[in-house]
Amino acid sequence: MADVVQPSLEYLSGFGNYFESEAVAGALPTAQNNPRVAPLGLYAEQLSGTAFTAPRRENKRSWLYRIRPSVTHEPFHPLDFPVESLTGEFDRGVITPNQLRWRPFAIPSDSVDFVRGLTTICGAGSAGKKDGFAIHVYTASISMHNSCLANADGDMLIVPQQGKMKVTTEFGLLDVAPGEICVIQRGMRFSVGLQGTNAARGYVLEIFSGHFELPDLGPIGSNGLADARHFQTPVAWYEDKSCHYLVIQKYEGELFSAAQSFSPFNVVAWHGNYTPYKYDLSKFCPMNSVAFDHPDPSIFTVLTCPSAVPGTAVADFVIFPPRWTVAQHTFRPPYYHRNSMSEFMGLIRGTYEAKQEGFLPGGASLHLCMTPHGPDTSTYEQAIQASNEEPKQLQSNTLAFMFETNYMPRITAAALGSPHVDRDYYRCWEGLKSHFEGHTGKFAAIYDGHEGSQAATYLAAYLHNEIKSGLAPYTAGHVHRFVES
């Protein structure tokens, strides 16, 4: 049975801000972080998201004031259910230049929660070396009950596609629905509940190094894309509950569990800049061409995790929201492309502008570095029609996204062996025929409207000029074919 929907929650606004929040007045110490006796008899506990000596502008940490400390638990043991579909190491993954696509991942008919429903699709690097990334999908039919997950491998950006979730964290509660995202940073304990549904599905981008940042705006200026004030952090909330509780910890893609006798969501107050947060994608302000040509998809970046190479990301989170397309004498859908980056795409709702068929909500596609990709046949044929010179608003219910990375992803056996793999994906481009007109088309354009001897006269004059300029390597047969046509 799905959980009962609760009233709207309160949030703190801002990205990367230093916040403080208390569920009970007076729970926060004011003059110091770690007093000999914390207010209200609470335990003080620091959660560090960076090394102690990280530069101040990059340093992330929060102080939590809790009823019992998180160290109070039984020993951890490997989880007692199989998790072959989850990994944080990709040495044994498969590399392929083929375009890959998956139909919507099935919602389980039996009882499966968020953790048990995680499947790794691809990734690169190593969680153990804190280098690289992983992409997962999740499908769930029940809420996590008296259990939570803490991911020591990295930050998780969660993109719900179906089913509203209530995410309980040590910092407070987050309501996250399709069309929104949430980020749970490394080490934070959280539990996913389903709200008003027994069917949830979505995507997860996990980064092993660094943290997500807002992209620089450069010449765009100080406004546009994702505004820092629209990111929301939960306010302090706690439960003082004695129960049998299971804490699940993820290390290098492996899961371990430990039992304890109380809820870990017992933080009465906290302060710091290392927090979970959410963002409503409808508040993204897209930029686009207003004259001609198609901008690169980087113009739609919501969040990025930079690498050591300037302008190159460990991973970017990019969206393709509803917007106007007005570029003149321009092929408006995404162009045909071979990219030094690798691109994983998902569809939250509607139809993606470059794929009229086959790419469905809840499915995914993957194009690795330098693998050619682009609009399918029907999209291309429709986009080159003269009627597309008129301004057009993309359907209001469309919302696609992309995880883009500089790494070379390796695909897991679970993803390649999935019954949802679209084995005929390549066929969507088979109908792309040649539209090349060559010189026959050039002749036809020049001599349009001329017939008989008049056309021949124009043709002779044209060829004379071509030969004179050295630009006429054409055979008599070619000329005869033109005249006959």
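Criteria and thresholds
- Residues numbered from 1 in each chain as written.
- Predicted model: local features only at pLDDT ≥ 70, side-chain atom pairs only at ≥ 80, totals over all residues.
- Heavy atoms only, no water.
- Salt bridge = Lys/Arg side-chain N within 4 Å of Asp/Glu carboxyl O.
- Buried < 20%, exposed > 50% of the residue type's maximum accessible area, 1.4 Å probe, protein only.
- Pairing = 2+ DSSP bridges.
- Helix = DSSP H or I, 4+ residues; strand = E, 2+ residues; numbered from the N terminus.
- Core = buried A, V, L, I, M, F, W, Y, C linked by side-chain atoms within 4.5 Å.
- Phe/Tyr/Trp six-rings, centres within 6.5 Å; stacked < 30°, edge-to-face > 60°.
- Contact = heavy atoms within 4.5 Å.
- Axes fitted to C-alpha atoms, helices over the stretch in contact; angles between N-to-C directions.
- pLDDT = per-residue confidence, 0-100.
- Polar contact = N/O pair within 3.5 Å; in protein donor to acceptor, adjacent residues only side chain to side chain.

Asker: Describe the pattern of salt bridges, and please don't skip the residues or the numbers.
Answerer: Under the defined criterion, the tally for this structure stands at 13 salt bridges. Between Arg 427 and Asp 424 there is a salt bridge, with the nearest N and O atoms lying 3.5 Å from each other. Look at Arg 427 and you get partly exposed, because its relative accessible area is 43%. The exposure class assigned to Asp 424 is partly exposed, which follows from its relative accessible area of 42%. Arg 427 is the salt-bridge partner of Glu 430, the closest N and O atoms lying 3.4 Å from each other. One continuous salt-bridge network, built from bridges that share partners, spans Glu 45, Arg 66 and Glu 170.

Asker: Account for the sheet that holds strand 10 (residues 155-162), naming residues and giving values.
Answerer: Here we have nine strands laid out as an open sheet, ordered 1-16-20-13-10-15-8-7-28, and antiparallel in their pairing. The sheet terminates laterally at strand 1 (11-13) and strand 28 (410-411), the two strands that pair on one side only. Sheet topology note: the strand 13 (residues 180-184)/strand 20 (residues 277-280) ladder contains four bridges and is antiparallel. Paired with Ile 181 across the two strands is Tyr 279, which belongs to strand 20.

Asker: Help me get a handle on the nonpolar core, residues and values and all.
Answerer: Formed by 53 residues in total, the largest nonpolar core has its most connected members in Trp 102, Leu 157, Leu 303, Phe 317 and Phe 403. Of the residues forming this core, the biggest block, six residues, is contributed by strand 22 (residues 313-320). Val 115, Leu 118, Val 176 and Phe 190 belong to the second largest nonpolar core, which has 36 residues in total.

Asker: So what's going on with the packing of aromatic side chains? Residues and values would help.
Answerer: Summed over the entire model, instances satisfying the criterion amount to 23 aromatic pairs. Plain terms: the ring middles of Phe 331 and Tyr 336 are 6.4 Å apart, the flat faces sit at 20° to each other, and that makes the pair stacked. We classify Phe 331 as partly exposed; its relative accessible area is 23%. Cluster of aromatic residues (ring-pair linked, three or more members): Tyr 203, Phe 317, Phe 344, Phe 401 and Phe 403.

Asker: Give me the lowdown on the side chain of Thr 371, citing residues and values where you can.
Answerer: As for its placement among the helices and strands, Thr 371 is situated in the loop between strand 25 (364-367) and helix 1 (377-383). Not counting chain neighbours up to four residues away, the residues in contact with Thr 371 comprise Pro 97, Asn 98, Gln 99, His 337 and Arg 338.

Asker: Let's hear about the pairing of strand 9 (residues 147-151): which residues, and what values?
Answerer: Most of strand 9 sits out of view: five of its five residues are buried. Of the two faces of strand 9, the one lined by Ser 147, Leu 149 and Asn 151 and the one lined by Cys 148 and Ala 150 are each fully buried.

Asker: Could you give me a rundown of the sheet that holds strand 4 (residues 61-66), with the residues and numbers involved?
Answerer: Reading across from one edge, 2-19-4-3 is the order of the four strands in this open sheet, with antiparallel pairing throughout. Both edges of this open sheet fall to strand 2 (19-22) and strand 3 (43-48), since each of them pairs with a single strand only. Adjacent strand axes in the sheet meet at a mean angle of 20°, parallel and antiparallel pairs treated alike.

Asker: Quick rundown of the confidence of the model for the protein chain? Include the residues and the values.
Answerer: On average, residues of the protein chain score 90 in pLDDT, and 89% of them reach the 70 mark or higher. A low-confidence stretch, residues 1-5 stays under pLDDT 50, and its non-local contacts, those more than four residues away or across chains, total 12 contacts. Under a pLDDT of 50 for its full length, residues 471-485 has, in the predicted model, 16 contacts with residues more than four places off or in other chains.

Asker: So, the environment of Gly 49: which residues are in play, and what are the values?
Answerer: Tracing the sequence through the fold places Gly 49 in the loop between strand 3 and strand 4. Accessibility expressed as a relative area gives 16% for Gly 49, which makes it buried. Among all residues touching Gly 49, those that are not within four sequence positions of it are Lys 60, Arg 61, His 211 and Tyr 274.

Asker: Please provide a residue-by-residue account of unusual backbone geometry, values included.
Answerer: In the Ramachandran plot, Leu 40 falls in the positive-phi region, its phi being about 60° despite a non-glycine side chain. Relative to the helices and strands, Leu 40 resides in the loop between strand 2 and strand 3. Within the chain, Leu 225 stands out as a residue other than glycine whose phi angle is a positive 60°. Among the secondary structure elements, Leu 225 is positioned in the loop between strand 15 (200-207) and strand 16 (231-234).

Asker: Which residues make up the pairing of strand 22, and what are the values?
Answerer: Strand 22 sits mainly inside the fold: eight of its eight residues count as buried. Bridging between strand 21 (residues 301-306) and strand 22 involves five bridges; their strand directions are antiparallel. Its bridge partner lying in strand 22, Pro 306 is registered against Ala 313. Taking the residues that link successive antiparallel strands as the turn, the strand 21-strand 22 hairpin has six residues, and the phi of Gly 311 there is positive, at about 80°.

Asker: Report on the environment of Ser 85, specifying residues and quantitative values.
Answerer: Mapping Ser 85 onto the fold places it in the loop between strand 5 (77-78) and strand 6 (100-102). For Ser 85, a relative accessible area of 23% gives the class partly exposed. Separated by 51 residues in the primary sequence, Ser 85 and His 136 have C-alpha atoms spaced 9.5 Å apart. When near neighbours in sequence (up to four residues on either side) are disregarded, Ser 85 contacts Leu 118, Thr 119, Thr 120 and Ala 414. Only 3.1 Å separates the side chain of Ser 85 from the backbone oxygen of Leu 118, close enough to count as a polar contact.

Asker: Before we move on, can you summarise the environment of Glu 353 with the specific residues and values?
Answerer: Take Glu 353: it is sitting in the loop between strand 24 (342-349) and strand 25. Taking the C-alpha atoms as reference points, Glu 353 and Pro 333, separated by 20 residues in sequence, lie 6.2 Å from one another. In this structure Glu 353 touches Arg 323, Arg 332, Pro 333, Pro 334, Thr 379 and Leu 394, once residues within four positions along its chain are discounted. A polar contact is formed between the side chain of Glu 353 and the side chain of Arg 323, at a distance of 2.4 Å.

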